[in-house]
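# Overview (structure and organization)
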Amino acid sequence: MDQAPLIDTFGRIHDNLRISVTDRCNIRCFYCMPEEGIQFQPRAEILSFEEIARFARVAASLGVTKLRITGGEPLVRKNLPHLVELLADIPGIRDIALTTNGVLLKELARPLRDAGLGRVNVHLDTLDRERFLQITRRDDLGRVLEGIDAALALGIPMKLNAVAVKGLVEEDLAPLAEFGRERGIEVRYIEFMPLDARGIWDRSGVLTADEILAILGEKIGPLDEIPERDLRAPATEYAFRDGIGRVGFIASISKPFCGNCNRIRLTADGHLRYCLFAIDETDVKSLLRGDAPDSEIADTIRRTVMAKWAGHSINSSQFVAPPRPMYAIGG
Ligand code: SAM
Ligand code: SF4
């Protein structure tokens, strides 16, 4: 690191950058994307791999050590392993992870691993083909499972991300945890957040971490919170008392973890966000495309981090949902 760390007005040090590489996706999870009529960004507005890598290099000079590639669906971006190669070359970057729906993972797991990808989170809400179709409006469960197998066979460390919507996935919670237990994969249940495109979110649709924990406890067996977890990680983790496997909870609604936040986000069209739920964002594409020196990009990153608020206010009556849906931010 060349300079002082990226610290905000609440003393939180930022070392984690999420990079969205596209707003497009090959499936249509109802809580993220509408089925039709989506206005995707024109290709010319999307950052090139070189532009992304330059931004990441400047961020690394300010103390960013961890990168996560996301989207939209990152694997639909052509030649993604080349971006991973560019990122892996950046001094100071110690961890490159990917969040994917897994549909194209079977083909891409090896080239991504060879390029330097360290970890993958595969999004999978259900092992039931009908419910997968209902949630994603695509019949691709088989391909996701093949993708998971391919990545595991290569030894890529993996977690599963399962979005928990009340009244829909209760039957899926325990089979997913069992699937993870059999394969040594942690399943992370994510509370349904107000980030869908059509404003369908409602508090009554949130299946909370405590409710999920109760269902898993009843159907599989008791769980114990893992005490020495990394306080800056978003998930609270629990181990099954029988010693087989663990699960995690991203309890953004019932137990917000903003006090530990260490993340900033670069959207596919080159805007920097200090929070998933931020209303404001900073245009860095115009700097990347307009001859700005690295020092100006670094100053802009610092200013954006300094503007960061204490936390989202989903649980207050003042809450305003962000103007962009999840797929356009980069989850
Ligand atoms: N397409 C990839 C995927 O699905 O993993 C990466 C991008 S996606 C926007 C990132 C994550 O956001 C997904 O893993 C999914 O779990 C989560 N997600 C999307 N919409 C959500 C919502 N409304 N509430 C909670 N999590 C959501
Ligand atoms: Fe696509 Fe991921 Fe959004 Fe599902 S959550 S529609 S896979 S971007």
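As a reminder, the structure under discussion sits directly above these lines.
Residues numbered from 1 in each chain as written. Chains lettered and ligands numbered in written order. Predicted model: local features only at pLDDT ≥ 70, side-chain atom pairs only at ≥ 80, totals over all residues. Heavy atoms only, no water.

## Here we look at the overall build of the protein chain
From N to C terminus, the protein chain includes 10 helices and 12 strands. Rg of the C-alpha trace for the protein chain: 19 Å, near the compact-globule value of 20 Å for 331 residues, within the 12% margin. Over its C-alpha atoms, taken along the principal directions, the protein chain stretches across nearly 60 × 45 × 40 Å. Here the contacts in the protein chain between residues at least 6 apart in sequence split such that 74% fall between residues at least 24 apart. Accessible surface, the protein chain: about 14000 Å² in total, of which carbon and sulfur atoms supply 51%. Taken together, the 43 basic and 48 acidic charged side chains of the protein chain have centroids lying 2 Å from each other. (Helix = DSSP H or I, 4+ residues; strand = E, 2+ residues; numbered from the N terminus. Rg over C-alpha atoms; globule rule 2.2 N^0.38 Å. Contact = heavy atoms within 4.5 Å. Areas by Shrake-Rupley, 256 points an atom, 1.4 Å probe, with all protein chains shown as cover. Lys, Arg positive; Asp, Glu negative; His and termini not counted. Charge placed at Lys NZ, Arg CZ, Asp CG, Glu CD.)

## As for the nonpolar core
Formed by 101 residues in total, the largest nonpolar core has its most connected members in Leu 17, Leu 87, Tyr 189, Leu 216, Val 247 and Ile 301. For this core, the element with the most residues is helix H1 (residues 49-61), which contributes eight residues. Excluding residues within four positions of it along the chain, Val 247 makes contact with Ala 177, Glu 186, Val 187, Tyr 189, Leu 216, Leu 223, Thr 236, Glu 237, Tyr 238 and Phe 240. (Core = buried A, V, L, I, M, F, W, Y, C linked by side-chain atoms within 4.5 Å. Buried < 20%, exposed > 50% of the residue type's maximum accessible area, 1.4 Å probe, protein only.)

## Considerations on the site of ligand 2
Close to ligand 2 lie Cys 25, Ile 27, Cys 29, Cys 32, Met 33, Gly 72, Asn 101 and His 123. Of the residues assigned to the shell around ligand 2, the class counts are five nonpolar, three polar and no charged. (Near = heavy atom within 4 Å. Nonpolar A, V, L, I, M, F, W, Y, C, P; charged D, E, K, R; others polar.)

## Some remarks on the sheet that holds strand E3 (residues 95-100)
One open sheet accounts for 12 strands, arranged E7-E8-E9-E6-E5-E4-E3-E2-E1-E10-E11-E12; its pairing is mixed. At either margin of the open sheet sits one strand with a lone partner, and together these are strand E7 (223-225) and strand E12 (282-283). Relative to E3, strand E2 (residues 66-70) is paired through four bridges, and the arrangement is parallel. Within E3, the position partnered with Lys 66 by the bridge is Asp 95. (Pairing = 2+ DSSP bridges.)

## Quick notes on the packing of aromatic side chains
In this description, an aromatic ring pair is defined by two values, namely the gap between the centres and the angle between the planes. Taken as a whole, this structure holds four aromatic pairs when the rule is applied. Between Phe 30 and Tyr 31, the aromatic rings sit 5.2 Å apart at their centres with planes inclined by 65°, giving edge-to-face as the arrangement. The same class applies to Phe 30 as to Tyr 31, namely buried. Three or more aromatic residues link up through ring pairs in this structure, and these residues are Phe 30, Tyr 31 and Phe 192. Sitting over the face of the ring of Phe 240, Arg 181 holds its NZ or CZ atom 4.5 Å from the ring centroid. For Arg 183, the ring lying beneath its charged end belongs to Phe 179, and the centroid distance is 3.7 Å. (Phe/Tyr/Trp six-rings, centres within 6.5 Å; stacked < 30°, edge-to-face > 60°. Lys NZ or Arg CZ within 6 Å of the ring centre and 35° of its normal.)

## So, the site of ligand 1
Neighbouring ligand 1 are 18 residues, the closest being Tyr 31, Gly 72, Glu 73, His 123 and Met 193. Backbone polar atom of Tyr 31 to a nitrogen atom of ligand 1: 3.0 Å apart, as the coordinates give it. The side chain of Asn 161 places a nitrogen or oxygen atom 3.4 Å from an oxygen atom of ligand 1. Notes on ligand 1: free accessible area 530 Å², of which the protein chains cover 96%. Elements that contribute at least two residues to the shell around ligand 1 include exactly E3, strand E5 (158-164) and strand E6 (186-191). Per-class residue counts for the shell around ligand 1 are seven nonpolar, nine polar and two charged. (Polar contact = N/O pair within 3.5 Å; in protein donor to acceptor, adjacent residues only side chain to side chain.)

## Let's talk about the pattern of salt bridges
By the definition in use, this model includes 18 salt bridges. Its salt-bridge partner being Arg 181, residue Glu 178 comes within 3.1 Å of it at the nearest N-O pair. Placement of the pair is Glu 178 and Arg 181 together in helix H6 (residues 170-183), with a separation of three residues, close to one helical turn. Taking the relative accessible area as the measure of exposure, Arg 181 reaches 14% and is therefore buried. (Salt bridge = Lys/Arg side-chain N within 4 Å of Asp/Glu carboxyl O.)

## Quick look at helix H5 (residues 141-153)
For H5, which comprises 13 residues, the first-to-last C-alpha distance of 18 Å matches the rise-based estimate of 18 Å (1.5 Å per residue) to within 8%. Looking only at H5, the buried set comprises Leu 141, Val 144, Gly 147, Ile 148, Ala 150 and Ala 151. The inward-facing, buried residues of H5 contact helix H3 (105-115), strand E4 (119-123), helix H4 (129-136), E5 and H6. Backbone geometry just downstream of H5 places Gly 155 in the positive-phi region, at approximately 80°. (Expected span 1.5 Å × (residues − 1).)

## As for the packing of H1 against helix H9 (residues 294-306)
For the pair H1 and H9, the least separation of the axes is 9 Å and the interaxial angle reads 70°. The orientation of H1 relative to H9 falls into the category roughly perpendicular. The handedness of the crossing between H1 and H9 comes out as right-handed. Listed contacts from H9 to Arg 54, Phe 55, Val 58 and Ala 59 of H1 are Asp 294, Ile 297, Ala 298 and Ile 301. Within the contact of H1 with H9, the residues separate by chemical class into six nonpolar, no polar and two charged. (Axes fitted to C-alpha atoms, helices over the stretch in contact; angles between N-to-C directions. Parallel < 35°, antiparallel > 145°, perpendicular 65-115°, else oblique. Left-handed = near helix turned anticlockwise from the far one by under 90°.)

## Some words on the packing of helix H2 (residues 80-88) against H3
Contact geometry for H2 and H3: axes closest at 8 Å, N-to-C directions at 15°. The pairing of H2 with H3 is recorded here as roughly parallel in orientation. Here H2 and H3 pass one another in a crossing that is right-handed. Between H2, through Leu 80, Pro 81, Val 84, Glu 85 and Ala 88, and H3, the contact on the second element is made entirely by Leu 108, Pro 111, Leu 112 and Ala 115. Split into classes, the residues belonging to the contact of H2 with H3 amount to eight nonpolar, no polar and one charged.

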